[in-house]
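A look at the structure
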Amino acid sequence: MASPTAPAPTTRVRRQLATSPWLFAAPGLLIVGVFILYPFLSTLVNSFTDRRTLLPGRYVGLANFRELLHDDMFWIGLRNSTLYVLGVVPALVVLPLLLALLVRKNIPGITFFRSAFYTPVVASIVVVGLIWVWLLDERGLVNAVLEAVGVGRVGFLSDQWLLLISAMAVTVWKGLGYYMIIYLAALANVPRELHEAAAVDGAGAVRRFLSVTVPAVRSTMVLVGALSSVAAFKVFSEVYLMAGPSGGPAGEDTTLVMLVQRTGTGLTGRVGYASALSVVVFVVTVALMLLVLRADRKDES
């Protein structure tokens, strides 16, 4: 006989049903809290202090953010990161779509090309960067070919703008396969009847692409634009490997994330100032995503 004070079986079942989802979600929530939420809050708090690597620091209010406005390197990093977005995102929105249209055709040897296009995605960015540095160096393979055909050597890694463009090319080259897979998934859901109807109406390949394919994968293009915008603005590895820790000639190719790394590391690192830079990067990346989504909503309306 059950004790009169014991909860009814239905009450226990309800409690278990209420707590079970949280028990399953607890490991994931713990990981998010420790590795994402806590570092974010810590960075936000440190941005209002003058903390250094070995010193706890004190509250300084908005002093770090005011210093940003007078820091020439901050404006150089903001310029380069913005140019990176403008140079990389359009290419990563359009080129992978064209590549996906190509590799989805059943032609002899297409499996090899599918693998070849995706190989840079799984390759280490360090390995990729070093390979391209070797190719574009003053005594590298590309300059050797240019000199052999009479063009002369080109300072891909010594000229400020050529170095930035070269890094953009590496980013596009490495990201093509990744976004190609996303587009392939989207193209698989496009009804074949739409292309057949357009062909019956006399539409050519280009017209079918603009009138059928692009509208059908429009939401995927917005997704690719948002992802590539955030990734391009936070670029670090490509420019760091090709320009070096100094950020190219006179530091003119430094990006914002490179500036965060340079400012906040080392025994004398200014953790507070680097945290303020990180907050700016976070705000700008969120703003980029909101702009892309808002533009998409305007086009739909």
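So, a few notes on the structure that sits alongside this text.

What counts as what
- Residues numbered from 1 in each chain as written.
- Predicted model: local features only at pLDDT ≥ 70, side-chain atom pairs only at ≥ 80, totals over all residues.
- Heavy atoms only, no water.
- Helix = DSSP H or I, 4+ residues; strand = E, 2+ residues; numbered from the N terminus.
- Rg over C-alpha atoms; globule rule 2.2 N^0.38 Å.
- Expected span 1.5 Å × (residues − 1).
- Buried < 20%, exposed > 50% of the residue type's maximum accessible area, 1.4 Å probe, protein only.
- Arc of directions from axis to C-beta.
- Contact = heavy atoms within 4.5 Å.
- Phe/Tyr/Trp six-rings, centres within 6.5 Å; stacked < 30°, edge-to-face > 60°.
- Lys NZ or Arg CZ within 6 Å of the ring centre and 35° of its normal.
- Bend = angle between axes of the 7 residues up to and from the residue.
- Polar contact = N/O pair within 3.5 Å; in protein donor to acceptor, adjacent residues only side chain to side chain.
- 1 Å grid on protein atoms, 1.4 Å probe; cavity = no way out; pocket = protein on both sides within 12 Å on 5 of 7 lines; lining within 4 Å.
- Points joined across faces, edges and corners; volume = space filled by probe spheres on them.

Re the overall build of the chain
Counting its secondary structure elements, the chain contains 13 helices and zero strands. Of the regular secondary structure in the chain, the N- to C-terminal order runs α-α-α-α-α-α-α-α-α-α-α-α-α. For the chain, whose C-alpha radius of gyration is 26 Å, the value lies well above the compact-globule estimate of 19 Å for 301 residues. In terms of its C-alpha atoms, the chain occupies a principal-axis envelope of roughly 95 × 65 × 40 Å.

With respect to helix H9 (residues 205-216)
With 12 residues, H9 should cover 16 Å at 1.5 Å per step; its first-to-last C-alpha distance of 15 Å lies within 8% of that length. Buried residues of H9: Phe-209, Val-212 and Thr-213, and no others. Around the axis of H9, the buried residues are gathered within 120° of arc, so they sit on the same side. Those residues of H9 that are buried lie in contact with helix H3 (72-103), helix H7 (160-187) and helix H8 (192-200).

Comments concerning the packing of aromatic side chains
As enumerated under the stated definition, the model contains eight aromatic pairs in all. Here Tyr-178 and Tyr-179 contribute two aromatic rings whose centre-to-centre distance is 5.1 Å and whose plane-to-plane angle is 75°, an arrangement assigned as edge-to-face. Here the aromatic cluster, defined as three or more aromatic residues joined through ring pairs, consists of Phe-112, Phe-113 and Phe-117. Its end group placed over the ring of Tyr-273, Arg-270 keeps NZ or CZ at 4.5 Å from the ring centre.

Focus on H7
Residue pairs spaced three or four apart in an α-helix point in one direction, given the helix's 3.6 residues per turn. Between its first and last C-alpha, H7 extends 39 Å over 28 residues, near the 40 Å set by a 1.5 Å rise per residue. In H7, a bend of some 40° at Leu-176 exceeds every other bend along the element. The backbone nitrogen of Trp-161 has a side-chain oxygen 3.1 Å away, supplied by the residue at the start of H7, namely Asp-159.

Quick look at the layout of surface pockets
There is about 490 Å³ of room inside the largest pocket. If you trace the largest pocket, you find 13 residues lining it, with Leu-101, Arg-104, Lys-105, His-195 and Thr-213 closest to the centre. Looking at the lining of the largest pocket, the elements that each hand over two or more residues are H8 and H9. Counting residues per element, the lining of the largest pocket draws most heavily on H9, which supplies five residues.

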